[in-house]
Amino acid sequence: MKEEKPVTENESAGVEPAFTPLGTPPEPPVRSREGDIIHTSPELAVGEGDVRSAEMGAGLVHGTSLWRDAWKRLLKNKLAVFGMIIVVLITLASIIGPPIIKKTTGYTYDFIPRDVTFIKSLPPFTTPEGTFSWSHPMGTDNSGRDILARVLIGGRISLMVGIISTIVSLIIGVSYGAIAGYLGGKTDNVMMRIVDILYSLPYLILVIVLLALFGGKSPLGQLVLLFIALGSVSWLTMARIVRGQIISLKNQEFVQAARATGVTTMKIIFRHLVPNTLGPVIIYATLTIPSVMLTEAFLSFLGFGVQAPLASWGSLASDGIQNIAIFPWQLIFPGVTMALTLFSLNFLGDGLRDALDPQMRKV
Amino acid sequence: MLRFIIRRVLIMVPMLIIVISMTWGLIRLAPGNFYTGERRLPPAIEQNIRAKYGLDKPWYVQYWRTVSRIAVLDFGNSLKYEGQSVNTILARALPVSASLGLLAYVLALIVGITAGSIAALKQNSGVDYWSMALAMLGISVPNFVLGPLLVLLFSLTLYWLPPARWSGFPSASLILPVITLSAIYMAYIARLTRAGMLEVLRSDYIRTARAKGLRERDVLIRHALRGGLMPVVSYTGPALAFILTGTVVVERIFAFPGLGTYLIQGCQNRDEPLIIGIVAFVAITLLTLNLLVDIAYAFIDPRIRY
């Protein structure tokens, strides 16, 4: 934790608030970010922060950081905990699931049995003879491939796409927003106008054109193209959020102190300012993952994303929709898995937002 | 206000040029050509084709030709659908996409605002919890999962509605696609409305309105709704863009011959005029609609000055 960050309840109690923005006397906006008490117990929120913290401080002698507070609040939110558990389970399953399936039933995501002579997809828990068996808990697809194994591999790809593209958007968005926000003036104006312009372009249409024209060479190349396309779409909002945060932070005393001691601009931005924007950035990043996954699925569904024999939830759904009338399980299993994951990630993101920034508890 | 509108209209021109140039560049950089098929063409024929379509000229001449033609809204002839101009194809595909998109938009607004307001008024009640859980579900279920599931239920099991195929504007074939397309926006709008309303209902001016003895209905509709809908209004711009791209998927699911279908076909055929035509058209639509949303914003919220 950075020294200059006001994080503990006790430190602020009674001590002169060190991080007020210039020109505003003791009741600082920073203060209201410190703890949940001010927001969650409105009957106490009368601005007597110091007295109250001192009173309550007795129980908080060990000091509690912003992050520990947030973690506690997160654990109180049942839906967020549910989301977290589901996300962890699905992630684990898609990492260790495929090897286990290979060990137990001998099927892999791209294994096509040799005896498939006609197009027939097996329903869940069924053998070719129509009796019950555990070998295909989700049935098979048209080529006789095990759907469970494909759903798990699809999960790997979908989650990987979500996480990597979010990281790409984090790197671009945070640097861009931070630089624009800190430099301000003309630079800021130009940089943000560019973001505005990109915002109002029919971006996904251009991405479709890009993938349709350049894609289809090799599965791996397609995947890289997909990362570039998705990452370049999703950094805009991140840049705006970070810029807003930086602007509200950059005139505070710790930045002035850093500047006075001759710290370089880049170091001020990335060592002193960016770590202080972590809360909103984390919140937005968690909510970016499901939206990127949805975009990936949308592109794969149209046939521009992940190519066979690799699978993602979108491409599995796209395969499944062709046989929806006769083999509905081909669509239902990947579709429901994806919906459940997105559902959980959204709940987790909402929960994180409520936990890290109780004032933003809105939608 | 007038100055703002003029400035916005003027900035649309360079943005359109950017979009068109990007698309043009992508098509030119991409491997493959519209005339290369399964079989290699004899060099003489290839040369003739290149000469006919002006591909033998330097790139800046070709670029200038494309851009200057689009400036007068002539997108040229399709390379694959012979004898058809891109404008004809646009005129044929637009009604399909437009009716799909507009109906979904209106449905999302009506249902979303109603559900969100009711949830906010009865905060923490059963209605609130259920509608918000449903909204979360709506955000999480991708439309290409929802659509086929609806088809499975209503068309292939209950036989109530046609499963696919476009059959004119007011027809039952539109019901499932419109629901599929609007579900996620319905959910977003419901959540935004609820949040906005909750904030406004606690504000001082609502208390004032109640205190001066206004009827509850007037307080809600004339005062609360107007303030509470601000987040929804600012979401309408992005929502339009998403609906435009959402139609691509829904058209694919329900086999509708709309703009998205033609765009994908155009990309697969390397049909340059068709791709550029559709992208430019979509960009123009989007920019215009965004401008309208911003103007509407200023009318609804008197605090906004441009």
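Anyway, here's the lowdown on the structure attached to this text. Here the structure is a predicted model, which is why all the values come from computation and not from measurement.

**Some remarks on the nonpolar core**
Across soluble globular proteins, nonpolar side chains show a tendency to be buried alongside one another.
Working step 1: Membership of the largest hydrophobic core comes to 158 residues, with the highest contact counts inside it found for Ile208(A), Val209(A), Ile189(B), Leu263(B) and Val279(B).
Working step 2: Tallying contributions element by element places helix H7 (residues 175–201) of chain B first for this core, with 16 residues.
Working step 3: Non-local contacts of Val279(B), meaning those with residues more than four positions away in its chain, are made with Pro202(A), Ile205(A), Val209(A), Val19(B) and Thr23(B).

**Considerations on the packing of helix H6 (residues 78–104) of chain A against helix H15 (residues 329–356) of chain A**
Each packed pair of helices is defined by two parameters, the angle between the axes and the distance between the axes.
Residue and element names in this part refer to chain A.
Working step 1: Between H6 and H15, the least distance of the axes is 7 Å, while the angle of their chain directions is 135°. On the basis of their axis angle, the class for H6 and H15 is oblique. The way H6 lies across H15 gives a crossing that is left-handed. Mapping the contact onto sequence places Leu 79, Ala 80, Phe 82, Gly 83, Met 84, Ile 86, Val 87 and Ile 90 in H6 and Leu 340, Thr 341, Ser 344, Leu 345, Phe 347, Leu 348, Asp 350 and Gly 351 in H15.
Working step 2: Per-class residue counts for the contact of H6 with H15 are 11 nonpolar, four polar and one charged.

**Quick notes on the interface of chain A and chain B**
Working step 1: In this complex, chain A contributes 33 residues to the contact, which on the side of chain B involves 41 residues.
Working step 2: Secondary structure elements with two or more residues in the side of chain A that touches chain B: helix H9 (203–214), helix H13 (278–301), helix H14 (313–321) and H15 of chain A.
Working step 3: For the side of chain A that touches chain B, a count of residues per class yields 29 nonpolar, three polar and one charged.

**Focus: unusual backbone geometry**
Residue and element names in this part refer to chain B.
Working step 1: Unusually for a residue other than glycine, Ala 255 sits at a positive phi of about 55°.
Working step 2: Relative to the helices and strands, Ala 255 is located in the loop between helix H10 (230–254) and helix H11 (259–269).
Working step 3: For Ala 255, a count of 12 C-beta atoms within 10 Å gives the class exposed.

Rules behind the numbers
Residues numbered from 1 in each chain as written. Chains lettered and ligands numbered in written order. Predicted model: local features only at pLDDT ≥ 70, side-chain atom pairs only at ≥ 80, totals over all residues. Core = buried A, V, L, I, M, F, W, Y, C linked by C-beta atoms within 7 Å. Buried ≥ 20, exposed ≤ 12 C-beta atoms within 10 Å, placed from the backbone. Helix = DSSP H or I, 4+ residues; strand = E, 2+ residues; numbered from the N terminus. Contact = placed C-beta atoms within 7 Å. Axes fitted to C-alpha atoms, helices over the stretch in contact; angles between N-to-C directions. Parallel < 35°, antiparallel > 145°, perpendicular 65-115°, else oblique. Left-handed = near helix turned anticlockwise from the far one by under 90°. Nonpolar A, V, L, I, M, F, W, Y, C, P; charged D, E, K, R; others polar.

Take it as geometry only, folks, not as evidence of what the structure does.
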